[in-house]
Amino acid sequence: MKFSHMIFGLSCMLASVTTQAADYPQRTISLSVPYGSGGSTDGIARQFARLLEAELGQPVVILNQPGATGTLQLGNLARAKPDGYTIGLYSYSTATFTSQLLKVPYTRDNFELLGGVAEFSYGMVVRPESPINNIKDLISRAKSEAGVFYGVTGAPNNFPFLQLQKVTGGRFDQIIYKSSAESINAVIGGFVDVALQGPSEYVELVKAGKLKVIASASNYRLPWFPDTPTIKEQGYDVGITGIIGVAAPKGIPEEAKTRLQAAIHKVVSGSEYGQFLVNRYGIKSYPASAADFSVYIDKGFSIMKNMIKTYDIKGL
């Protein structure tokens with residue numbers, strides 16, 4: 001009699017677990033972001049969360065976790081309970097580059113990648129009166145006695161300049177600034193010749209005639225500046241990648257993983273989200289599947305390792 005009661009109780013327990021998994025999600029989901037509120041990454045995350053919430057039928061709340069150049073948030077995500085209710089943005093540069101320069105409390109194996117979210121755009125800007133109008137002019141200046149002084153917030157924004165220096169032999173001197181705004185203002189003030197940042201940082205200044213864009217440093221033309229060629233179109237196989245996606249702690253239930261992957265892909269593939277990114281930030285959506293995003297990230301580790309070795313990058 002007791003044995004039959006045990007069987008009955010076990011059956012009820014399994015049925016309950018199965019029902020809960022099949023009904024995922026049943027409560028609020030947290031989406032962590034590696035930067036503070038108010039920036040472009042935070043704005044992208046909030047719109048994405050709003051649409052994901054509508055798709056999943058449960059609230060999706062933003063947890064801003066700035067610090068340690070993005071690695072604090074990933075460390076917290078790696079340690080989170082793998083129940084499908086804690087997910088976070090997963091940055092290509094932080095995962096593949098920063099993690100190889102800093103001592104971090106996680107590895108690639110601590111995460112389950114769920115899909116792509118957005119692809120950031122980058123462009124080079126100079127003062128309107130500058131004789132530099134394109135990459136050819138930039139290289140000529142770099143090969144002159146004056147050389148080129150460029151303002152960035154650090155890696156990976158400095159990669160295109162490091163690459164151009166290596167392939168052309170020109171002189172590019174780096175000035176590091178604490179914020180994108182500071183590097184842009186340095187160009188306007190004449191403290192540096194050129195800066196490389198995202199279009200939302202300088203679009204209004206370009207419209208006001210205080211800056212001009214000489215190249216897209218992404219693999220495609222900037223949506224807000226479609227007439228400006230990429231660096232590659234101007235003759236040099238140089239560019240910068242700024243991909244972000246979504247990840248969860250390794251070991252989340254299969255049902256939750258499948259549901260999240262489908263919902264994320266539907267949101268990111270949708271026209272509402274895509275138009276928001278273009279109109280608000282001048283960037284593109286990145287509707288990569290979980291499998292494609294994983295392959296992209298995994299390849300990135302060797303690419304960034306080679307970049308670090310080639311240019312003897314020792315820290316951030």
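Not measured: the values here are computed from a predicted model. (Residues numbered from 1 in each chain as written. Predicted model: local features only at pLDDT ≥ 70, side-chain atom pairs only at ≥ 80, totals over all residues. Heavy atoms only, no water.)

1. Considerations on the sheet that holds strand β5 (residues 123-126)
So, point 1. Taken together, the five strands give an open sheet; going across it, the order is β7-β6-β8-β5-β9, and neighbouring strands pair in mixed fashion. The open sheet has two free edges, formed respectively by β7 (172-176) and β9 (212-216), since each of these has just one partner strand. Geometrically, the sheet is characterised by an average inter-axis angle of 30 degrees between neighbouring strands, direction not taken into account.
So, point 2. Pairing analysis gives three bridges linking β5 to strand β8 (residues 194-197), with the strands arranged antiparallel. Within β8, the position partnered with M124 by the bridge is L196.
So, point 3. Helix α7 (residues 180-188) rests against β5, β6 (148-152) and β8 of the sheet, and its axis sits at about 155 degrees to β8. (Pairing = 2+ DSSP bridges. Helix = DSSP H or I, 4+ residues; strand = E, 2+ residues; numbered from the N terminus. Axes fitted to C-alpha atoms, helices over the stretch in contact; angles between N-to-C directions. Contact = heavy atoms within 4.5 Å.)

2. Here we look at the pairing of strand β1 (residues 29-33)
The side chains of a regular strand alternate between both faces of the sheet.
So, point 1. Of all five residues making up β1, five are buried, and the element is well covered by its neighbours.
So, point 2. Neither face of β1 is open: one carries I29, L31 and V33, the other S30 and S32, and all of them are buried.
So, point 3. Bridging between β1 and strand β2 (residues 60-64) involves five bridges; their strand directions are parallel. Following the sheet pairing, I29 is matched in β2 by V60.
So, point 4. As paired elements, β1 and strand β3 (residues 86-91) share three bridges and run parallel to each other. Opposite S32, over in β3, you have G88 as the bridge partner. (Buried < 20%, exposed > 50% of the residue type's maximum accessible area, 1.4 Å probe, protein only.)

3. Description of the layout of surface pockets
So, point 1. The computed volume of the largest pocket comes to approximately 1200 Å³.
So, point 2. What lines the largest pocket is a set of 46 residues, among which Y35, T153, A155, N157 and S180 lie closest to the centre.
So, point 3. Mapped onto the lining of the largest pocket, the elements with two or more residues apiece are α2 (40-56), β3, α4 (92-96), β7, α7 and β10 (243-249).
So, point 4. A breakdown of the residues in the lining of the largest pocket according to their chemical character gives 19 nonpolar, 24 polar and three charged. (1 Å grid on protein atoms, 1.4 Å probe; cavity = no way out; pocket = protein on both sides within 12 Å on 5 of 7 lines; lining within 4 Å. Points joined across faces, edges and corners; volume = space filled by probe spheres on them. Nonpolar A, V, L, I, M, F, W, Y, C, P; charged D, E, K, R; others polar.)

4. As for empty space enclosed by the protein
Which parts of space are left empty comes out when a probe the size of a water molecule is rolled across the atoms.
So, point 1. Here the structure, examined in full by the defined rule, presents one cavity of 30 Å³ or more.
So, point 2. Of the voids in this model, the largest cavity is the one considered here, and its volume is about 30 Å³.
So, point 3. If you go around the largest cavity, the residues you meet are E119, F120, S218, N219, Y220, I240, T241 and G242.
So, point 4. Class assignment of the residues belonging to the lining of the largest cavity gives a composition of three nonpolar, four polar and one charged.

5. Details of the confidence of the model for the protein chain
Do not read the predicted coordinates in detail wherever pLDDT is low.
So, point 1. With 92% of its residues at a pLDDT of at least 70, the protein chain reaches an overall mean of 91.
So, point 2. Taken as a whole, residues 12-21 scores under 50 in pLDDT and shows two contacts with residues more than four places along the chain or in a different chain. (pLDDT = per-residue confidence, 0-100.)

6. Looking at the sheet that holds β1
So, point 1. Strand order in the open sheet formed by six strands is β2-β1-β3-β10-β4-β11, with mixed pairing between adjacent strands. Because the sheet does not close on itself, it has two edges, and the strands there are β2 and β11 (284-285).
So, point 2. Most of the contacts of α2 go to β2, to which it runs at about 155 degrees, and overall it touches β1, β2, β3, β4 (111-119) and β10.
So, point 3. Against the sheet, helix α11 (residues 290-310) makes contact with β3, β4 and β10, and its axis sits at roughly 90 degrees relative to β4, the strand it touches most.

7. Quick look at the packing of α2 against helix α9 (residues 254-269)
So, point 1. Two elements in contact, α2 and α9, have axes separated by 9 Å at closest approach and are oriented at 125 degrees. What the angle tells us is that α2 and α9 run oblique. When the axes of α2 and α9 are compared, the crossing they make is right-handed. Here α2 contributes F48, L51, L52, E55 and L56 to the contact with α9, which in turn contributes R259, L260, A263, I264, K266, V267 and V268.
So, point 2. In terms of residue class, the contact of α2 with α9 is made up of nine nonpolar, no polar and three charged. (Parallel < 35°, antiparallel > 145°, perpendicular 65-115°, else oblique. Left-handed = near helix turned anticlockwise from the far one by under 90°.)

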